[in-house]
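Chain by chain, the residues run as shown.
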Amino acid sequence: MLYRFGKAFYFLTLFGFIFLLLYFYSAMPESIGYGMDETGSIVDRIPKSNFFYIMISIFVVSNLVVLIPPKLLETKIHKGLTKIFPVGDIFRDYYLGWFYSFGGILNLSLIMMVFYTHSINNQNEIAASEFNFFFYLIPSLLVLWVIGLFVIFAGKFKQIQYNS
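Described below are features of the structure shown in this document. (Residues numbered from 1 in each chain as written. Predicted model: local features only at pLDDT ≥ 70, side-chain atom pairs only at ≥ 80, totals over all residues. Heavy atoms only, no water.)

Before going further, it helps to examine the nonpolar core. In terms of nonpolar packing, the biggest core is built from 32 residues, with Phe-17, Leu-21, Met-55 and Tyr-95 touching the most fellow members. Contributions of two or more residues to this core are made by helix H1 (2-27), helix H2 (48-74), helix H4 (90-121) and helix H5 (132-163). Broken down by element, the residue count for this core peaks at 12 residues, all from H4. The residues touching Tyr-95, leaving out its near neighbours within four places in the chain, are Pro-69, Leu-73, Leu-81, Phe-85, Ile-152 and Phe-153. (Core = buried A, V, L, I, M, F, W, Y, C linked by side-chain atoms within 4.5 Å. Buried < 20%, exposed > 50% of the residue type's maximum accessible area, 1.4 Å probe, protein only. Helix = DSSP H or I, 4+ residues; strand = E, 2+ residues; numbered from the N terminus. Contact = heavy atoms within 4.5 Å.)

Written out as structure tokens, the structure reads:
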């Protein structure tokens, strides 16, 4: 059941990123600023199309890396994973749920990058300082999710040790 919530969260963030990137891409100027100095003026700029392609590239690569392990387990292509996490095992659900929710967290961080870039380029609508909370939240969530993976593996190793 946890796996289905993780998958739903992942797909919501997937579609959210695509929608927001396209929406903000249409609203941004031809030259996008991505860095500010102490006074709040934009110092670093790239073309709008480069920003779009860079964000799409990061999105595709990160989602492929995150989706390969659960898809190998779900389709039973990787015999080692299928042996470690057989169908019906509680840790299989945790493992799959972790990967899908981690993909959702990565997509959320990409959404925050797009929002932040939009806020830098449209200071009159959204102040870039409003994102300070997210600069601490996203890395904290990533660290918690990595710790969660180690907890899942530790539980699985204890289960294997107990059954041996």
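This brings us to the packing of H1 against H2. Any two packed helices are characterised by how steeply their axes cross, that is the angle between the axes, and by the distance between the axes. Viewed as axis vectors pointing N to C, H1 and H2 meet at an angle of 170°, and their least axial separation amounts to 11 Å. Considered as vectors, H1 and H2 are oriented roughly antiparallel to each other. Two secondary-structure elements touch here, H1 through Tyr-3, Lys-7, Tyr-10, Leu-14, Phe-17, Ile-18, Leu-21, Leu-22, Tyr-25 and Ser-26 and H2 through Lys-48, Ser-49, Phe-51, Phe-52, Met-55, Ile-56, Phe-59, Asn-63, Leu-67, Lys-71 and Glu-74. Looking at the contact of H1 with H2 residue by residue, the classes come out as 14 nonpolar, 3 polar and 4 charged. (Axes fitted to C-alpha atoms, helices over the stretch in contact; angles between N-to-C directions. Parallel < 35°, antiparallel > 145°, perpendicular 65-115°, else oblique. Nonpolar A, V, L, I, M, F, W, Y, C, P; charged D, E, K, R; others polar.)

The next subject is the side chain of Asn-107. Position of Asn-107 relative to the elements: it lies in helix H4. Setting aside residues up to four positions removed in sequence, Asn-107 forms contacts with Tyr-10, Thr-13, Leu-14, Phe-59 and Asn-63.

Time to look at the packing of aromatic side chains. Working definition: an aromatic ring pair is given by the centre-to-centre distance plus the angle between the planes. In this structure the tally under the stated criterion is 15 aromatic pairs. For the ring pair Tyr-95 and Phe-153, a centre distance of 6.3 Å and an interplane angle of 45° mean the geometry is tilted. Within this pair, whereas Tyr-95 is found in helix H4, its partner Phe-153 is found in helix H5, the two being separated by 58 residues in sequence. The buried category is assigned to Tyr-95, whose relative accessible area is 5%. On the basis of an interplanar angle of 90° and a centroid distance of 4.8 Å, the ring pair of Trp-98 and Phe-99 is categorised as edge-to-face. Accessibility expressed as a relative area gives 8% for Trp-98, which makes it buried. By relative accessible area, which is 12% here, Phe-99 ends up buried. Through a chain of ring-to-ring contacts, three or more aromatic side chains come together here, namely Phe-85, Tyr-95, Trp-98, Phe-99, Phe-102, Phe-153 and Phe-157. (Phe/Tyr/Trp six-rings, centres within 6.5 Å; stacked < 30°, edge-to-face > 60°.)

Attention now moves to unusual backbone geometry. Positive phi, normally seen in glycine, also occurs at Lys-76, with a value near 60°. Position of Lys-76 among the secondary structure elements: in the loop between H2 and helix H3 (79-84).

What follows covers the pattern of salt bridges. Enumeration according to the criterion identifies 3 salt bridges in this entry. Note that Glu-74 is salt-bridged to Lys-7, the shortest N-O span being 3.6 Å. Taken as a pair, Glu-74 in helix H2 and Lys-7 in helix H1 lie far apart in primary sequence, 67 residues in all. In this structure, the salt-bridge partner of Lys-71 is Glu-74, at a minimum N-O distance of 3.1 Å. Here Lys-71 and its partner Glu-74 are both found in helix H2, 3 residues apart, which amounts to about one turn of the helix. (Salt bridge = Lys/Arg side-chain N within 4 Å of Asp/Glu carboxyl O.)

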